[in-house]
Amino acid sequence: TKNNVDIGSIFGLDVGGTLSKLVYFEKSSPHSNSHTSPFLDSRRRQNSDIPTFPTSPQTSPKNPPSEPRSKDTSNLPPPSPTHNHPLKRINSLNSLHRHSHRAALDEFYKFANEHNTFGQSGIKEPHLSFQSRSLGGSFHFIHFETRHMPSAIDLISENGLAQNIKNMGCTGGGAHKYSEMWRSRVNINMIKQAEMASLVAGIEFVLKSLVGECFTFKPQRSPVTSSSSSPRKITEEEWSRKVQRDSIRDRTTYPYIVVSIGTGVSFIRVDGPGPSQFERVTGSTIGGGTYWGLCRLLTDCETFSDVLQLAEMGDSGKVDMLVKDIYGTNPEALRKLKLPGNIVASSFGKLATKNNPSDGIDQKDLARAILMMTTNNIAHIAYLTARLYKTSRIYFIGNFLRHNNVSCQRLSYSIDYWSNGTVEGLFLEHEGYLGALGAFLLGQE
Ligand code: ADP
């Protein structure tokens, strides 16, 4: 098995400014230790067997099923030919595997499947693994900090994990920066894919192949009519019910907008299922890197998850200037303004008016205010972009949203609020891995 034969690419790597995301594809075999998954190949939909997904993005299923859910699919129809997608090319990967160099691959799978953490910052997310019946294998997801790239390559090299693996689909800025390092240390050639094309390929794949992938937030209760016959105002606090959005209409209408919130933010309009039917229409420099960078400056938190937890407890109202801070609470004045009094007029604006800006303010309030400032800005550009291109769907993705319910709910609430319920903010369970997944799929050519 160690005869140095190329066994094809099993990796998709997305090297971002902050995080690197690695997808590995595990071809099904009697020996493979396949993970179970809450997701289903979409053709199971026809058996109306739509699984429920955990109610919050940060929790994995409490009792994962003991059997892979995509079993017993022999009587289902063949894959739909309706879309022009890299999925078709995966057949070449299958044939490479068929002439099996299985043992070399199994060494990698055994190592990767047995661990949930790797090196200094590597984390596998088993609750995101899924089996794809159409591709005949399962996908697994790992991320690590990009600054640890040299030790990630060392880990692969020292454990002899790259034997016979010659190519790797790769995207993100670091695909260029680290290309030579991968080649010289582990003899893996990066098949570079354009960043936006990879993202869109990944999104199209999960939207069309997976049930349980897409969700949004809705109010806990539906609006009821009050005695004065005006609809009861839904508050943001009530906007917290996670609901699945897997309808056929949602997956087949174009255009839609993708808002990729990584270190910076990209706004992409997707016009159709084809490989180049999209355009990056704008961007914002105020993104996840801004949030995390400012929090590192203004709080003592050492990790991204610590600062998110801190922000959850904070009160941004101590820092932000609200409309009512300027206008007072006179209902007549607010009615003329057509804005509610408790909406933010100026992020951090309250600090400009105080004698001592830090009086009565904790790190948690600052963390919350930075989070809300970043999120509100993105929500507004997203809403205007959706209006400009006359679409009712906005998908928010990127690792800024990882375990970040506060921002997801705010995005969902404010898109609904500003659009009067005509535009919906949507989220994907594999939010941070779509570029890596797309780079893998495009790399199968
Ligand atoms: P990029 O490809 O630009 O690195 P990502 O989609 O991976 O973008 O998102 C990076 C952002 O995700 C960071 O700026 C930060 O806001 C957030 N983030 C989530 N988890 C982490 C983490 N463990 N370490 C640092 N940032 C994280």
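Small disclaimer: the values here were computed from a predicted structure and weren't measured. (Residues numbered from 1 in each chain as written. Predicted model: local features only at pLDDT ≥ 70, side-chain atom pairs only at ≥ 80, totals over all residues. Heavy atoms only, no water.)

A.B. asks: Could you clarify how one ought to interpret the overall build of the chain in this entry?
C.D. replies: A count of helical and extended segments in the chain gives 15 helices and 19 strands. Relative to its 445 residues, the chain shows a buried fraction of 53%. Element-wise, carbon and sulfur atoms account for 51% of the exposed surface of the chain, whose accessible area totals about 20,100 Å². (Helix = DSSP H or I, 4+ residues; strand = E, 2+ residues; numbered from the N terminus. Buried < 20%, exposed > 50% of the residue type's maximum accessible area, 1.4 Å probe, protein only. Areas by Shrake-Rupley, 256 points an atom, 1.4 Å probe, with all protein chains shown as cover.)

A.B. asks: Sorry if this is basic, but what is going on with the packing of helix 13 (residues 363-388) against helix 14 (residues 405-418) here?
C.D. replies: Think of two packed helices as two axes; the pair is described by the angle between the axes and how far apart they sit. Relative orientation of the contacting elements helix 13 and helix 14 amounts to 40 degrees, with a least axis distance of 9 Å. The angle between helix 13 and helix 14 places the two elements in the oblique class. Relative to helix 14, the crossing made by helix 13 is right-handed. Residues Arg368, Leu371, Met372, Thr375, Asn376, Ile378, Ala379, His380, Ala382 and Tyr383 of helix 13 form the contact with helix 14, whose participating residues are Val406, Ser407, Arg410, Leu411, Ser414, Ile415 and Trp418. Looking at the contact of helix 13 with helix 14 residue by residue, the class counts come to ten nonpolar, five polar and two charged. (Axes fitted to C-alpha atoms, helices over the stretch in contact; angles between N-to-C directions. Parallel < 35°, antiparallel > 145°, perpendicular 65-115°, else oblique. Left-handed = near helix turned anticlockwise from the far one by under 90°. Contact = heavy atoms within 4.5 Å. Nonpolar A, V, L, I, M, F, W, Y, C, P; charged D, E, K, R; others polar.)

A.B. asks: Quick question: what am I supposed to make of the packing of aromatic side chains here?
C.D. replies: How two aromatic rings sit relative to each other is given by the distance of their centres and the angle of their planes. Scanning the model with the defined rule gives 25 aromatic pairs in all. Here phenylalanine 111 and phenylalanine 118 contribute two aromatic rings whose centre-to-centre distance is 6.1 Å and whose plane-to-plane angle is 40 degrees, an arrangement assigned as tilted. For the pair phenylalanine 111 and phenylalanine 118, a shared accessibility class is recorded, and that class is buried. Look at tyrosine 291 and phenylalanine 400: their rings are 5.8 Å apart centre to centre, the planes differ by 80 degrees, and that puts the pair in the edge-to-face class. Residue tyrosine 291 is found in helix 8 (residues 288-298), and its partner phenylalanine 400 is found in the loop between strand 18 (393-397) and helix 14; the two are separated by 109 residues along the sequence. Accessibility expressed as a relative area gives 3% for phenylalanine 400, which makes it buried. Taken together, the ring pairs connect Phe25, Phe130, Phe139, Phe141, Phe205, Tyr433 and Phe440 into an aromatic cluster. Its guanidinium or amino end placed over the ring of phenylalanine 215, lysine 242 lies 4.2 Å from that ring's centre, counting from NZ or CZ. (Phe/Tyr/Trp six-rings, centres within 6.5 Å; stacked < 30°, edge-to-face > 60°. Lys NZ or Arg CZ within 6 Å of the ring centre and 35° of its normal.)

A.B. asks: I tried to follow the pattern of salt bridges on my own but got confused; where do I start?
C.D. replies: Side-chain pairing between opposite charges can occur once the charged atoms of the two side chains come close. In the structure shown here, the tally under the stated rule is 15 salt bridges. Among the salt bridges present, the one from glutamate 125 reaches arginine 402, with a minimum N-O distance of 3.2 Å. Of the two residues, glutamate 125 sits in the loop between strand 5 (122-124) and strand 6 (130-132) while arginine 402 sits in the loop between strand 18 and helix 14, which places them 277 residues apart along the sequence. Accessibility classification places glutamate 125 together with arginine 402 in one group, the buried group. Notably, a salt bridge pairs lysine 318 with aspartate 365, separated by 3.5 Å at the nearest N-O pair. Highlighted residues: lysine 318 in the loop between helix 9 (304-313) and strand 16 (321-322) and aspartate 365 in helix 13, separated in sequence by 47 residues. Residue classification places aspartate 365 among the buried residues on the basis of a relative accessible area of 1%. By sharing partners, the salt bridges in this structure join Lys218, Arg245 and Glu424 into a single network. (Salt bridge = Lys/Arg side-chain N within 4 Å of Asp/Glu carboxyl O.)

A.B. asks: For this particular structure, what's the right way to read the confidence of the model for the chain?
C.D. replies: The predicted coordinates should not be examined in detail at positions where pLDDT is low. Of the residues in the chain, 78% have a pLDDT of 70 or more, and the chain-wide mean is 82. Scored below 50 in pLDDT, residues 43-92 shows 92 contacts in the model against residues more than four places distant or in partner chains. This model gives residues 95-99 a pLDDT under 50, and the stretch forms eight contacts once residues within four places in sequence are excluded. (pLDDT = per-residue confidence, 0-100.)

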